[in-house]
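For reference, the chains in residue letters:
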Amino acid sequence: MNFEIVYYDAAQKIHTAIPVQQGNEWSCPELGLSFSCSLDKNEFGMKVQISSNSFREEKEYRFKELVVNCSQFETEENSKHSLFIPWDSGFLCHAAKHDSNEYWLPIFNERQYIGVWGNMPLFGLSDETTFHLGLIESGQFDCDLRLRTAWGEKRQYSISPVFLLREKAGEKLLPDDLSILFVDVEGNWKQAAHWYRNYNLQKRKLRTLAERVSHDPALDYSLSALTVRCRMSVKPLPAKILEQTPETAPKPNLFLKFDDVRTIAEEFKRQQVGPSEFCLVGWNYGGHDGAFPQLFPVSSICGSEESMAKLISDVAALGYHISLHDNYMDGYRLAENLNMDDICFNGGPQLGGGRLGGGQAYQICPSKAEKYAKANFAEIKKRLPQLSGPYFVDVMSIIAMRKCDHPSHPITRRENCQYYRSILHLTQENFGLSMSEGSRDWAIDRLDRAFLIFGKTKNTLAFCDEHIPFFQMVYHGIILYNNGRCHVNAMAGSVGYLENIRWGGLPLVYFHHLFNPEWVGAAGWANDLRLDSPEKLAKDVAVIKQMSNDAQALRSTQQAFLDDYIDYNENLSETVYSNGVHVWVNRGGKAEKTSDGRSVAPYSFLIQ
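The rules behind these values
- Residues numbered from 1 in each chain as written.
- Predicted model: local features only at pLDDT ≥ 70, side-chain atom pairs only at ≥ 80, totals over all residues.
- Heavy atoms only, no water.
- Phe/Tyr/Trp six-rings, centres within 6.5 Å; stacked < 30°, edge-to-face > 60°.
- Helix = DSSP H or I, 4+ residues; strand = E, 2+ residues; numbered from the N terminus.
- Buried < 20%, exposed > 50% of the residue type's maximum accessible area, 1.4 Å probe, protein only.
- Lys NZ or Arg CZ within 6 Å of the ring centre and 35° of its normal.
- Contact = heavy atoms within 4.5 Å.
- 1 Å grid on protein atoms, 1.4 Å probe; cavity = no way out; pocket = protein on both sides within 12 Å on 5 of 7 lines; lining within 4 Å.
- Points joined across faces, edges and corners; volume = space filled by probe spheres on them.
- Nonpolar A, V, L, I, M, F, W, Y, C, P; charged D, E, K, R; others polar.
- Salt bridge = Lys/Arg side-chain N within 4 Å of Asp/Glu carboxyl O.

What exactly am I supposed to notice about the packing of aromatic side chains here?
Aromatic rings in a pair are described by how distant their centres are and how their planes are angled relative to each other. Taken as a whole and judged by the stated rule, the model has 35 aromatic pairs. Judged by centre distance (5.1 Å) and plane angle (80°), the ring pair of F3 and F35 falls under edge-to-face. Placement of the pair is F3 in strand β1 (residues 2-8) and F35 in strand β5 (residues 33-36), with a sequence separation of 32 residues. Look at F3 and you get buried, because its relative accessible area is 1%. Residue classification places F35 among the buried positions, given a relative accessible area of 1%. A ring pair is formed by W283 and F296, whose centres lie 5.5 Å apart and whose planes are at 65°; its orientation type is edge-to-face. Of this pair, W283 sits in the loop between β22 (276-281) and α5 (305-317) while F296 sits in the loop between β22 and α5, placing them 13 residues apart in sequence. Residue W283 shares its accessibility class with F296, and that shared class is buried. Among the aromatic residues, ring-to-ring pairing joins F44, W195, Y196, Y199, F471 and Y475 into one connected group. Sitting over the face of the ring of F392, R229 holds its NZ or CZ atom 4.0 Å from the ring centroid.

Structure (structure tokens):
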């Protein structure tokens, strides 16, 4: 193991130096920069730890980044080795046929959105017999991975964690300790996923769905339930008025009235669709993304609050669950309850999720967001007491962790995570089950269901040779999920639907999914489902009925771990669960044979 120190000089220019080791101390004496590093073996592996208070800056030079290099994570071209990248479900970069390049891959702290993101604080290299794994246990919220392909004269491939100690010359050093757990797992990425699952169960004490379900009727219902999201109203997009007032705010466009959702639920019941969890999106003041964190009065174009309460009661009477979509990241000036002093500050007010229905979104400082959630949750329970099923807090489990430099409420990225975890836990305490958009590793034990793991199954990233279900092998049986944004409204029999099934996902349907012309299929926004006529609704629900039957047939697998996944060819795959169930999926147009001679019909799956 060795290190690289990236540092600022007195003129704030950036340089790199290689420290020398003396015992536990690593230093660049000519720069006055040093730190201490300890190695300790524990039951899980070898732990490398650097205490935050061990960093010394004794001259005019200042730490910027610390790169950790290990030979186990380096290989040469055509070695038949692969580097593991923890983005989406997990990427493999094979050490062959790549251009010489260097990539900086954020884990939980991306500075711009590119449609892929880190879900786990891991990295690795797989050779012929062993998967060398690095798990960043501390400092992971301020860490990138440096990936090099065909690098230098030897055309080496490597992956190294880079800790962001200071991102501006005048900043204080990162106050967090840094630690990485190194372990060698016999086998390939599948065995590494099993190891990480066991680590999560033993070290993080994550509880399985099978453990929880006997004491949680709502979770028991959710195990085979379809997610049915219903977009109600949204202001015209793209937004033309960025700083809205009650006088200047555009009126929302109507997608669904509360009575329309009842019509959908009644058609579900007429066709005997099984467990379903409805979620109302854009029910609130200003419609979807219209005026958060203000929720009331409800969006009047959808109906009155009384009609909304009756809808909730009627859906429950039909035997379905129904809950709401909410948001505590974005704040809009239109909201009467928003104090702009509560906005994150980063050289100025931190912009939030974009220019949406409410105009310019600003990011509410996570340290302040919980007070809005507490107040709103109390009001919702008072006004709409019959809600049931997963309560959806938008974007919280998918967005990057950010710092806040506001003098009254500064926070680190790690503290950002802690505050968001608290809000998700508050959701569970108030509504029973929580759901959010993403499934980042840090949020898992505060989520019951995730809208997605990734955007698209396939991507065009130069360093991604394979997209593998590493995440699913770790967390299936611990959380319920739909795999990708590209699988929203993927209907029974479609390739996307079968892609979702093969990696353990549950179907998710979304009435009026597509609403923003700037969000397109290239990012996974591809499939819509519209309420147009009684005839079309009946036809759509007939397909949804089949999806519900499939979800119920797969119910036992949701309480099991995903132990193995095998691609036999470009169409036929086998998923093996820890309860002994095998699911064969055929994504092609001709019948395929299983290993024991059973036939899997075109565009279908077989449970064995």
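The rest of the description comes next.
Would you mind going over the side chain of Q350 with me for this structure?
On the secondary structure map, Q350 appears in the loop between β24 (330-331) and β25 (351-356). The contact partners of Q350, leaving out residues within four places of it in the chain, are I343, C344, F345, Y362, Q363 and R402.

Even after reading the chapter, I still don't get the layout of surface pockets, so can you show me in this structure?
Gaps left between atoms show up when a probe the size of a water molecule is rolled over them. Roughly 900 Å³ of volume is contained in the largest pocket. Taken together, 37 residues make up the lining of the largest pocket; nearest its centre are Y113, G353, V395, E437 and W519. Taken together, the elements giving at least two residues each to the lining of the largest pocket come down to β19 (226-231) and β25. The element that contributes the greatest number of residues to the lining of the largest pocket is β25, accounting for 5 residues. Of the residues that constitute the lining of the largest pocket, the class distribution is 16 nonpolar, 8 polar and 13 charged. E466, H467, R502, W503 and D567 are the residues nearest the centre of the second largest pocket, which is lined by 27 residues in total. When contributions to the lining of the second largest pocket are tallied by element, the ones reaching two or more residues are β12 (91-94), α1 (189-202), β30 (466-467), α9 (495-502) and β33 (562-567).

Before we go on, may I ask you to explain the pattern of salt bridges in this structure?
Between side chains of opposite charge, pairing is possible as soon as their charged atoms come close. All chains considered together, the criterion is met by 38 salt bridges. Close ionic contact of R270 with E267 constitutes a salt bridge, the shortest N to O distance being 2.6 Å. Within this pair, R270 and its partner E267 are both found in helix α4 (residues 258-270), separated by 3 residues, close to a single helical turn. A relative accessible area of 57% places R270 in the exposed class. You can call E267 buried: its relative accessible area is 12%. Salt bridges linked by common partners bring D142, E167, E171, K403 and R413 together as one network.

Would you mind going over unusual backbone geometry with me for this structure?
What is expected of a backbone is that most residues other than glycine have negative phi and most peptide bonds are trans. Following L237, the chain continues into P238 via a peptide bond in cis, with omega recorded as 0°. For P238, the location among the structural elements is in the loop between β20 (233-234) and β21 (253-254). That bond from F292 to P293 is cis: its omega, 10°, falls within 30 degrees of zero. Note that P293 resides in the loop between β22 and α5. One non-glycine residue, N489, lies in the positive phi region at around 60°. Here N489 falls in the buried class, since its relative accessible area comes to 4%.

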